[in-house]
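Geometric and topological summary
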Amino acid sequence: MKAVRFHEYGGIDVLRVEEVERPVPGPGQVLVEIRAAGIQPGEVMIREGARHDRWPATFPSGQGSDLAGVVVEAGPQVRGVAVGDEVLGFTHNRASHAEYVVVDDVQLTPRPEGLSWDVAGSLYVAGTTAYATVFAVDPGPADTVVVSGAAGGVGSLAVQLARRRGATVIGLASEPNHAWLKDRGVVPVEYGEGVAERIRQASGGNVDAFIDTFGDGYVDLAVELGVRPERINTIRDWQTAAKVGARTYGEGTAACAVVLGELARLAARGELEVPIARVYPLERVRDAFRELERGHTHGKIVLRP
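The rules behind these values
Residues numbered from 1 in each chain as written. Predicted model: local features only at pLDDT ≥ 70, side-chain atom pairs only at ≥ 80, totals over all residues. Heavy atoms only, no water. Buried < 20%, exposed > 50% of the residue type's maximum accessible area, 1.4 Å probe, protein only. Helix = DSSP H or I, 4+ residues; strand = E, 2+ residues; numbered from the N terminus. Contact = heavy atoms within 4.5 Å. Axes fitted to C-alpha atoms, helices over the stretch in contact; angles between N-to-C directions. Parallel < 35°, antiparallel > 145°, perpendicular 65-115°, else oblique. Left-handed = near helix turned anticlockwise from the far one by under 90°. Nonpolar A, V, L, I, M, F, W, Y, C, P; charged D, E, K, R; others polar.

By the naming in an unreviewed UniProt entry, the protein goes by NADPH:quinone reductase and is assigned to Microbispora siamensis.

1. Quick notes on helix α4 (residues 155-164)
Burial of α4 is extensive: eight of the 10 residues sit out of reach of the surface. Every buried residue belonging to α4 is among G155, S156, L157, A158, V159, Q160, L161 and A162, and all of these are buried. Buried residues in α4 make contact with α3 (124-137), β8 (144-148), β9 (168-172), α5 (178-183) and α9 (257-268). Within two residues after α4, G166 carries a phi angle of roughly 90 degrees, on the positive side.

2. So, the packing of α3 against α4
Angle between the axes and distance between the axes are the two parameters that describe a pair of packed helices. Between α3 and α4, whose axes approach to 8 Å, the crossing angle comes to 45 degrees. Classified by the interaxial angle, the pair formed by α3 and α4 is oblique. The element α3 and its partner α4 pack so that their crossing is right-handed. Residues A126, G127, A130, Y131, T133 and V134 of α3 pack against L157, A158, L161 and A162 of α4. A per-class count over the contact of α3 with α4 returns eight nonpolar, two polar and no charged.

In structure tokens, the structure reads:
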């Protein structure tokens, strides 16, 4: 089968699509033929070695955790899933950017009718991370919540989940994404110089919670705006969060098939939109990451084998 591999830390040019042996499922595992698999900013940091202390790579390394596809083989003692099932899920083995992947049965949930392969295959990391960030700051109808990176893969879901809880949501994003945010009941605010004053104007001077999906000083901005540390959550700026006492709930906090299934059902019913920025064939994995690393993508980028 074909699979993405890199043999050393580095830039996009270390990524290769190679022929590798097709894996065989063991006890409690199934083999999934991949139909779609999302890519993540965290995969860039791992590939570059920037997160070696936190998430070291073993070479040659695969990549990819999000996945959706069809079960084509089952090992012994598998429960809750069978050959022929259409599923979405995840792997912690950096292996979903491939034609086939072995997955534990507990890491899969059925693909709801009406959910596209592209959305199903890109929902896990962004969806469970957004779910965790909203849970961390616990917004309610009386709250005003600011979300940085509000049009990105995680931010675009976080703003919707916070709105579902009745909160007033202010989304920081570039002007081309403002119409999309407004259509979902979010108050758009341009990021960049002067953003603190623009947030104060948009919020009437009262911000109750802050979800940071971008890093780059937003935890300090939240403190400047008077948000209590326990109602600040960041998925990028762990160092500043530790300094001020903010939270760092992310993907791992809600990393389970139960949460993924709930998000998939919301998306299938049209109650949660998962924007798909672009889809690339597996062979163009380098092009997919070039687009991702430009940093202005609205929604998810997806690979299709």
